[in-house]
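Here is how the chains run, residue by residue.
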Amino acid sequence: MLTVAVLISGTGSNLRALLDAAADPGYPARVILIGADREAEGLAHAEAFGIPSFVVPWDAFDSREAWGAELDAQLQVWKPDLVVLSGLMRLLPPALVQAWAPRIINTHPAYLPSFPGAHGVRDALAAGVAETGASVIVVDDGVDSGPILAQEHVPVLPDDTESSLHARIKPVERRLLIDVVRRIAEGDLDLGARPQPH
Ligand code: GRF
């Protein structure tokens, strides 16, 4: 059974979808830990599912490195097999990425490498493209620049707003995430070995 920690900043709807999928006894992964960089709405899902959760408040630290070190310390307590960033709106410091790579993945609401960054949906809309998409990637030190594990296109409709487009992308993101986690758990998608925890 693959153990998963999920890190969020927002409503955690993608997290919720993963929790629902993992509630099926036939699903080969379990969410064992949920973390956030703020008192995120999505932490309610941890309570609903009886899963341990923690907050490492971004504002409480002087630097990205100090914040990341505390996040790493929390993750090391539980030692999940995989870390999923699902709407965590912070760039991780390189030391944290190195500690967990390649077993740290991210969902992104655009068809990477197009429209990386915090405003992937807004940027696609502003660019006037006919289609954008959703991607699941391995996290590296760049902004949404790691190896792509899965992705799918989503059409942009003429009257789309940022929220209507994001609402159509999210179900695709969820499906891709659930599928990627399953494939990792079943050994169909080899991310490579994780360095020994320090
Ligand atoms: C997702 O689209 C994620 O890729 C993006 O923020 C959204 C998170 O939504 N960075 P939720 O918190 O899972 O509802």
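The notes below deal with the structure included here. (Residues numbered from 1 in each chain as written. Predicted model: local features only at pLDDT ≥ 70, side-chain atom pairs only at ≥ 80, totals over all residues. Heavy atoms only, no water.)

1. What to know about the pairing of strand E1 (residues 2–8)
So, step 1. By the criterion of burial, E1 is predominantly enclosed, with 6 of the 7 residues buried.
So, step 2. Of the crossover connections in this fold, the one passing from E1 over helix H1 (residues 13–22) to the parallel strand E2 (residues 29–36) is right-handed. (Buried < 20%, exposed > 50% of the residue type's maximum accessible area, 1.4 Å probe, protein only. Helix = DSSP H or I, 4+ residues; strand = E, 2+ residues; numbered from the N terminus. Right-handed = clockwise from strand over helix to strand, strands pointing away.)

2. Some details on the packing of helix H5 (residues 120–127) against helix H6 (residues 162–185)
So, step 1. Two elements in contact, H5 and H6, have axes whose closest approach is 9 Å; the angle formed by their N-to-C orientations is 120°. Crossing hand, H5 versus H6: right-handed. Counted together, Val 121, Arg 122 and Leu 125 of H5 and Glu 162, Leu 165, His 166 and Ile 169 of H6 form the full contact between these two elements.
So, step 2. In terms of residue class, the contact of H5 with H6 is made up of 4 nonpolar, 1 polar and 2 charged. (Axes fitted to C-alpha atoms, helices over the stretch in contact; angles between N-to-C directions. Left-handed = near helix turned anticlockwise from the far one by under 90°. Contact = heavy atoms within 4.5 Å. Nonpolar A, V, L, I, M, F, W, Y, C, P; charged D, E, K, R; others polar.)

3. Observations concerning the side chain of Asp 160
So, step 1. Inspection of the secondary structure puts Asp 160 in the loop between strand E7 (148–155) and H6.
So, step 2. A distance of 2.8 Å separates a polar atom in the side chain of Asp 160 from the backbone nitrogen of Leu 157.
So, step 3. Within polar-contact distance, the side chain of Asp 160 engages the side chain of Ser 164 at 2.6 Å.
So, step 4. For Asp 160, the residues in contact, after removing those within four places along its chain, are Leu 125, Pro 155, Leu 165 and Arg 168. (Polar contact = N/O pair within 3.5 Å; in protein donor to acceptor, adjacent residues only side chain to side chain.)

4. Digging into the site of the ligand
So, step 1. Looking at the ligand, there are 13 residues lining it, with Thr 11, Ser 13, His 166, Lys 170 and Glu 173 nearest.
So, step 2. The side chain of Ser 13 places a nitrogen or oxygen atom 2.5 Å from an oxygen atom of the ligand.
So, step 3. With respect to the ligand, the backbone of Asn 14 contributes an N or O atom lying 2.9 Å from an oxygen atom.
So, step 4. Look at the ligand: alone it shows 370 Å² of surface, and the protein chains cover 90% of it.
So, step 5. Here the ligand is seated within the largest pocket.
So, step 6. Secondary structure elements with two or more residues in the shell around the ligand: H1, strand E5 (104–108) and H6.
So, step 7. At 3 residues, H6 tops the list of elements feeding residues into the shell around the ligand.
So, step 8. In terms of residue class, the shell around the ligand is made up of 2 nonpolar, 9 polar and 2 charged. (Near = heavy atom within 4 Å. Areas by Shrake-Rupley, 256 points an atom, 1.4 Å probe, with all protein chains shown as cover. 1 Å grid on protein atoms, 1.4 Å probe; cavity = no way out; pocket = protein on both sides within 12 Å on 5 of 7 lines; lining within 4 Å. Sits in = over half its atoms within 2 Å of the grid points.)

5. What about the sheet that holds E1?
So, step 1. An order of E3-E2-E1-E4-E5-E6-E7 is seen for the 7 strands of this open sheet, with the pairing classed as mixed. At either end of the open sheet lies a strand with only one pairing partner, and these are strand E3 (53–55) and E7. Each adjacent strand pair in this sheet contributes to an overall mean axis angle of 20°, direction not counted.
So, step 2. Two elements, strand E4 (residues 82–85) and E5, share 3 bridges in a ladder whose sense is parallel. Note that in E5 the partner of Val 84 across the bridge is Ile 105.
So, step 3. Each of E1, E2, E3 and E4 is contacted by helix H3 (residues 64–78), which is oriented at about 155° to E2, the strand it contacts most.
So, step 4. Its contacts with the sheet place H6 against E1, E2, E4, E5, strand E6 (131–138) and E7, and it is angled at close to 155° to E7. (Pairing = 2+ DSSP bridges.)

Just distances and angles here, no functional claims.
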